[in-house]
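Structure assessment
Here is what each chain is made of, one letter per residue.
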Amino acid sequence: MKIALEVAKHVDKVRINPGLYVFEKPKSDRTEYAQTEFDEIGDKIFETLEPLVVSLRDQGKAMRIGVNHGSLAERMLFTYGDTPEGMVESALEFIRICESLDFRNIVISLKASRAPVMLAAYRLMAQRMAALGMDYPLHLGVTEAGDGEYGRIKSTAGIATLLAEGIGDTIRVSLTEPPEKEIPVCYGILQALGLRKTMVEYVACPSCGRTLFNLEDVLHKVREATNHLTGLDIAVMGCIVNGPGEMADADYGYVGKQAGYIALYRGRDEIKRVPESEGVQELINLIKADGRWVEP
Ligand code: SF4
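Residues numbered from 1 in each chain as written. Predicted model: local features only at pLDDT ≥ 70, side-chain atom pairs only at ≥ 80, totals over all residues. Heavy atoms only, no water.

Pairing in this open sheet of three strands is parallel, and the strands run E1-E2-E3 from one edge to the other. Every interior strand has two partners, whereas the edge strands, strand E1 (13–16) and strand E3 (106–111), have only one. Adjacent strand axes in the sheet meet at a mean angle of 20° when their direction is disregarded. Here six bridges tie strand E2 (residues 62–68) to E3, and the two strands are oriented parallel to one another. Pairing of Val 67 across the sheet is with Leu 110, part of E3. Across the sheet, helix H5 (residues 84–100) is in contact with E1, E2 and E3; its angle to E2 comes to roughly 155°. (Pairing = 2+ DSSP bridges. Helix = DSSP H or I, 4+ residues; strand = E, 2+ residues; numbered from the N terminus. Axes fitted to C-alpha atoms, helices over the stretch in contact; angles between N-to-C directions. Contact = heavy atoms within 4.5 Å.)

Take a look at the structure:
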């Protein structure tokens, strides 16, 4: 608490964890939680939280009420179990304290290390807030997602599912890797959902018996040459049988035409046929001719 109060002087937003804010020592022999005891701790939380809320409120700063599935308070665990409901009630208790002190500059997070748990918690929170007439932004994340490919898949499964449902205002991908590795994943999630466009969108077919060139190789070369052109959609398709129709309205297409030749497309129109060896350079020339090229 003292740390939070000091930190509040120096940063724009302070995150507090309701589960740890007023520490309740777990009693292993507890069989019930009397309402009076529940409320007493509630009063203690109010007293402890008030100075921080007042400080943030008076400075025009923000607070994140960051509930974590793994560290729910003893009495929430006892009353609601280790459940999304317990997470939501924990957040609501802190929101009510903030509101009673006329402080509404709040962001809520309900992270869990399991995607289904965080999905359930955020969905329930969105429902509860709608029912209560609250409209606080939700900060999404799967906590302790791990590293590597699976850490990214797990984070995306949780974050993207909610964003696609219209739930969530800010996101964080938490990887057991240097923090700068988290940012491209966030950008990728937003771009894949069509919520932001921060890089070139590549459309490429998976290749099949009809493929007329080494698709992986060409996609790699096209990407190397064009990945700085934010805002464009570029397709690399193996053949003209299905390629042009499946380019999904890309701005430019590089499509296998016949052995040794590719066709360049602008939108749905075939612009020219060129030898495969000149394909990437001709694609660049076409983008340049359209005035859409910028030097890397
Ligand atoms: S676009 Fe052509 S080469 Fe690519 S997967 Fe479809 S049919 Fe095969």
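What follows continues from the structure just given.
Looking now at the sheet that holds strand E9 (residues 261–266). One open sheet accounts for five strands, arranged E6-E7-E8-E9-E10; its pairing is mixed. At either end of the open sheet lies a strand with only one pairing partner, and these are strand E6 (201–204) and strand E10 (269–275). Averaged over all adjacent pairs, the angle separating strand axes in this sheet is 25°, with direction ignored. Bridge count for strand E8 (residues 252–258) against E9 is six bridges, and the pairing is antiparallel. Each residue of the ladder has a partner; that of Tyr 252, found in E9, is Arg 266. Helix H9 (residues 215–226) contacts E6, strand E7 (233–237) and E8 of the sheet and is inclined by roughly 160° relative to E7.

Before going further, it helps to spend a moment on the environment of Pro 178. Relative to the helices and strands, Pro 178 resides in the loop between strand E5 (170–171) and helix H8 (182–192). Measuring from C-alpha to C-alpha, the distance between Pro 178 and Glu 270 comes to 44 Å, with 92 residues separating the pair along the chain.

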